[in-house]
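# Structural description and commentary
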Amino acid sequence: MDGVGGLNPAGPPVRWHGQRICSGARFWGLVQGAFAFGLLAGTVVCLRWKPHRLLVVAVITGSGLCLPPAALGMGLALPWVLLSAVLAGFGLDVAIVAWTTTLQQHVPQEELGRMSSFNGVGERIAIPLGYLITALATHAWADRTVLLVCAGAIVVSTVLNLCVRDVYRINRV
């Protein structure tokens, strides 16, 4: 669940009323397993579902990544955290398939390699940068606050992306 909205760097030390709500390896193993289950479910759905507005689907389903940090930030019980991880995994997989399909269908073949490289570099810069910012924020604010801010940032970025007119113009070929 690498790069899921500050969850990995800020999630493990979260406390709720003075008690840890994340009980070490067992807790994180269950969360990772739930996320993987969501990824698998998303893959199965993507084998059959062919959405028309690819970028709209990618943006909206990618917003599911706000759920695990929000669940932890609100101090929800383990079943709710696991459900949020399943939904985040599902959404991430659908978003990745929609994004990759968009690249393959709308970027000219001779430019696809370069575009994919820029995309990969952007991802590899954003994740460590997000981890750094999250780690610095946990020193200034409570862990739960940082997780809620991360979840809010995902929601805000989703809304801002949906305000871009061209997101609605990219359709399945």
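Residues numbered from 1 in each chain as written. Predicted model: local features only at pLDDT ≥ 70, side-chain atom pairs only at ≥ 80, totals over all residues. Heavy atoms only, no water.

This next bit is on the overall build of the protein. Counting its secondary structure elements, the protein contains 7 helices and 2 strands. Out of the 173 residues belonging to the protein, those deemed buried represent 36%. Of all intrachain contacts in the protein linking residues separated by at least 6 positions in sequence, the fraction that spans at least 24 positions is 79%. Only carbon and sulfur atoms are counted for the fraction: they give 68% of the accessible area of the protein, which is about 9900 Å². (Helix = DSSP H or I, 4+ residues; strand = E, 2+ residues; numbered from the N terminus. Buried < 20%, exposed > 50% of the residue type's maximum accessible area, 1.4 Å probe, protein only. Contact = heavy atoms within 4.5 Å. Areas by Shrake-Rupley, 256 points an atom, 1.4 Å probe, with all protein chains shown as cover.)

Counting 16 residues, the largest nonpolar core has Phe-27, Val-31, Leu-72 and Val-81 as its most contacted members. Sorting the residues of this core by element identifies helix 2 (24–48), helix 4 (67–73), helix 5 (78–106) and helix 7 (143–162) as the ones contributing at least two each. Of the residues forming this core, the biggest block, 5 residues, is contributed by helix 2. Other than its neighbours up to four places away in sequence, Val-81 contacts Phe-27, Val-31, Ala-71, Leu-72 and Leu-76. Ranked by size, the runner-up nonpolar core spans 6 residues in total, among them Cys-46, Leu-54, Ala-58 and Val-94. (Core = buried A, V, L, I, M, F, W, Y, C linked by side-chain atoms within 4.5 Å.)

This part covers a nonpolar patch on the surface. Taken together, the side chains of Leu-67, Met-74, Leu-76, Trp-80, Leu-83, Leu-87 and Leu-148 define a hydrophobic patch exposed on the protein surface, amounting to about 620 Å² of accessible area. In terms of residue count, the dominant contributor to the nonpolar patch is helix 5 (3 residues). Considering the arrangement of structural elements, one finds Leu-87 in helix 5. (Patch = residues over 30% accessible without salt bridge, like charges linked within 9 Å, V, L, I, M, F, W, Y side chains within 5 Å. Salt bridge = Lys/Arg side-chain N within 4 Å of Asp/Glu carboxyl O.)

With 25 residues, helix 2 should cover 36 Å at 1.5 Å per step; its first-to-last C-alpha distance of 37 Å lies within 8% of that length. Listing the buried residues of helix 2 in full gives Phe-27, Trp-28, Val-31, Ala-34, Phe-35, Gly-38, Gly-42 and Cys-46. (Expected span 1.5 Å × (residues − 1).)

Take the side chain of Asp-93 next. Structurally, Asp-93 is set in helix 5. At 11 Å, Lys-50 is the nearest oppositely charged side chain to Asp-93, a buried residue that forms no salt bridge. The residues contacting Asp-93, other than those within four sequence positions of it, are Leu-39, Gly-42, Thr-43 and Cys-46. (Lys, Arg positive; Asp, Glu negative; His and termini not counted.)

For the structure shown, the criterion picks out 2 salt bridges. Close ionic contact of Arg-124 with Glu-123 constitutes a salt bridge, the shortest N to O distance being 3.9 Å. Exposure remark for Arg-124: the relative accessible area of 60% places this residue in the exposed category. With a relative accessible area of 40%, Glu-123 lands in the partly exposed category.

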